[in-house]
Amino acid sequence: MIRELLTTRKRELAGYLLRVLVAVAVLAVAGALPKPIIMMGPPRAVESVNGKMGVHTRLTDEVEEWKIQRTLQLVREMGASWIVEYFPWGYIEPTKGQFDWQHADMVVDHAVNQGLKVVARLDFVPEWARPKDTTFRYLDEEHYEDYGDFVHAFVEHFEGRIDYFIIWNEPNLSFEWGYRAVDPEAYTELLKVAYRRAKEANPDCYVLGGGLAPTVAREGNEWGLSDLIFLQRMYDAGAKEYFDILAIHSYGYVYPADDPPADNKINFARAELVHQVMVRNGDGDKRIMVTEGGWNDHPRWTKAVRPYQRIVYTIQAYERAKEWEWCEAFVVWSFRTPVPEKNFRDYYTLVTSAFIVKPIYLEIQNYARGATDWVAGSVR
Amino acid sequence: MRDRMIHRRWSLALVLVLGGLTLSAGLWVMLTPGEPPKDETWERIQRDGVMRVAVDASYPPFEYIDEPGNLVGYDIDLAHELGRRFGVDVEFVIISFDGLYDALRVERVDLILSALPFDLRLTEDVAYSHSYFNAGQMLVVRESEGSISSAEDLQGRRVGVEWGSMGDVESRQLLRKMQFDLYQYPTPAEALGVLAEGEIDAVIADAVSVYQFHREHGGIKIAGPPVTDDPYVIATLLSSSVLQERLNEAILELSANGFLDQLRVQWF
């Protein structure tokens, strides 16, 4: 009886032991599976007939490294030298003084390896730097120095890899100013803090002011303020010495790239009116970078054009940027999104989320490679 | 050995008792008449006699402002029909596309009916109705065509698209696995016109363009299943379960009784 019990116990123990061994083996094998290795590859250079060509990438929420790399390869292969990318403050500094550079480093290293010039857009207020129940665009004056600290840390961290930094995004829209009335004077104060801190970190960097949205909203409008008026008030508040390049957004909507500008109209050439404001303020030698712009080809959106028009207008806009000596670059919104947005915004992209290049991408690529028949060959 | 037998019997008894209890509890829950689902949105709509519908009025022919300044379109008529069925008036709240979901979340509106594509990413935030329209890319042939019934039959054919459109993108994808001649035109209407004249064999174009051409010119038909799907749906809050149920019932009925077809003919 006792012998039987002992034998049974031994068998049970042996069974347990066997299961534990199998589990350990499975875990060991699973843990030892090699992670996908993304090879950086040799440094590449952009080849293009137009060095002012840029695209706004959307890699902030792109998780997989191969997709980041593939996106930036496609940008280079298209012939664009510039990318604008968004680096949210709240993602990088979730706690005051503690920085997580991992994702930003990954994006920037791949971009630099592809020979691209990176323009970093810096905004998105972390929760710790704003009152409860405010949006991530809300930054009050008490926290300007916190933003300045972040700008300093960012510029310092990326010295040698990024030279261009956009301070905020579309501050002339209420939505982008935390749903408050827009305030050019307050924005200028923020710009002063950011400029000082950026230059402390890297005196050779370029600080881009504005990121102004094109709008014809007049004084008192609850949603925003004309970019032309906003810029004048920035100058009046002493902004001139606190930015190296002015960032603006320039969308064509239903008008061609050569449609003449007008105060009460939003079109691509509105950039010329912005430049005139700069000239009037003795700042005409300073350059403008169009950090967002372009056309949309949604089949039914009233602010969209036909796809063939988008192709023609976009290439014409790249050409115009080349002619505008005061224009540093024209950056098309947007290259690709990590997932389809399932609305009209998908019709701004040049490449689908599944990495299928759209015809507009191929036409731009032909243009960048020197094709001269892009207008003649297009359907007008 | 005897101990083990007793142990097994006790275990079996325990399993049977627990199983019985679980079964009884399940039957209790199933057979007890429960509270009807509570839906504050539906209650408010019924109480006020008004259903608030969010639209972005910049997507003709689904919703737009016509020359006299009226809000009109396929979705507008559909919303009125839903209101009639629910016995309430419809109040349209015009909001830009970017703000539609926010307006629903903060309960400024009861639903979104605005050429809204189904978005899998948002299904944890909002509830979507059955689809009432598929705006995807269609394969179109002449009415008399009998040998092309799907994209698989395009081998060796002449295919037209709007240059740069998603139909163009899809056709280039098809070219990776078969051979055909691709012709590009400035607009879908021009591609469809050339098709009707017999110069090409098929066109890939979006559904609305196809329906519009068919209404104005005829002579074409859709061949086979859609090349891509882009279902339009109605969005409500997840908590609006009764409203969602009523919307789904209505869409099924309006599809079955031909109302949605009538709307399509009227607007496209």
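Owing to the predicted nature of the structure, the values given are computational and were not obtained by experimental measurement.

This part is about the overall build of chain B. Each helix and strand counted, chain B has 9 helices and 14 strands in total. Computed over the C-alpha atoms, the radius of gyration of chain B is 26 Å, more than 25% above the 18 Å expected from 2.2 N^0.38 for a compact globule of 268 residues. Each principal axis of the C-alpha distribution contributes one length, and for chain B these read about 90 × 60 × 35 Å. Relative to its full complement of 268 residues, chain B shows a buried share of 37%.

What follows covers helix α4 (residues 102–113) of chain A. All names here are of chain A. Between its first and last C-alpha atoms α4 spans 16 Å; for 12 residues at 1.5 Å apiece the expected length is 16 Å, and the two agree. The complete set of buried residues in α4 reads Ala104, Val107, Val108, His110 and Ala111. The buried residues of α4 occupy one face: seen down the axis, they fall within an arc of 165°. Close packing links the buried residues of α4 with α2 (65–78), β2 (82–86), α3 (89–92) and β3 (117–122).

Residue and element names in this part refer to chain B. Strand order in the open sheet formed by 3 strands is β2-β3-β4, with antiparallel pairing between adjacent strands. The sheet is open, and its two borders are formed by β2 (58–59) and β4 (71–72), each paired with just one other strand. Looking at chain direction, β2 and strand β3 (residues 63–65) are connected through 2 bridges and run antiparallel. Following the sheet pairing, Tyr59 is matched in β3 by Glu63.

A few words on the domain arrangement of chain B. For chain B, the domain assignment lists domain 1 (40–134 + 231–267) and domain 2 (137–222). Put simply, the middle of domain 1 of chain B and the middle of domain 2 of chain B, counted by C-alpha atoms, are 31 Å apart.

Now for the nonpolar core. Ranked by internal contacts, the top residues of the largest apolar core, which has 170 residues, are A:Phe165 and B:Val140. If one sorts the elements of this core by residue count, helix α9 (residues 307–323) of chain A sits on top with 8 residues. Residues from two domains meet in this core; each of domain 1 (40–134 + 231–267) and domain 2 (137–222) of chain B gives at least three.

It is worth spelling out the sheet that holds β3(A) at this point. Residues and elements named next belong to chain A. Strand order in the closed barrel formed by 8 strands is β1-β2-β3-β4-β5-β6-β7-β8, and the pairing between neighbours is parallel. Averaged over all neighbouring strand pairs, the angle between strand axes comes to 25°, with direction disregarded. Note that strand β1 (residues 53–56) and β2 share 3 bridges and pair parallel. Directly across from Val55, in β2, lies its bridge partner Ile83.

Each value, and the rule that gives it
Each chain carries its own residue numbering, running from 1 in the written order of its sequence. Note on labels: chains are lettered from A, ligands numbered from 1, in written order. The predicted nature of this model means local features are confined to residues of pLDDT at least 70 and side-chain atom pairs, given and counted, to a pLDDT of 80 or more, with totals for whole chains, interfaces and linings taken over all residues. Put simply, DSSP H or I for four residues or longer makes a helix, DSSP E for two residues or longer makes a strand, and each gets a number counted from the N terminus. Radius of gyration here is computed from C-alpha atoms only, and the compact-globule reference equals 2.2 Å multiplied by the residue count raised to the power 0.38. Three classes are used. A residue is buried when 20 or more other C-beta atoms lie within 10 Å of its own, exposed when 12 or fewer do, and partly exposed in between, with C-beta atoms placed from the backbone. Any helix carries an expected span of 1.5 Å times its number of residues minus one. In this description, the arc belongs to the directions extending from the helix axis to the C-beta atoms. In this description, any two residues whose backbone-derived C-beta atoms lie within 7 Å of each other are considered to be in contact. At least two DSSP bridges between two strands are required for those strands to pair. Residue ranges for the domains trace back to a domain assignment, done automatically or taken from a database. Working definition: the nonpolar core is a set of buried Ala, Val, Leu, Ile, Met, Phe, Trp, Tyr and Cys residues, joined through C-beta atoms within 7 Å. Every angle, taken between N-to-C directions, lies between 0 and 180 degrees, and every axis is a line fitted to C-alpha atoms, over only the stretch in contact when it is a helix.

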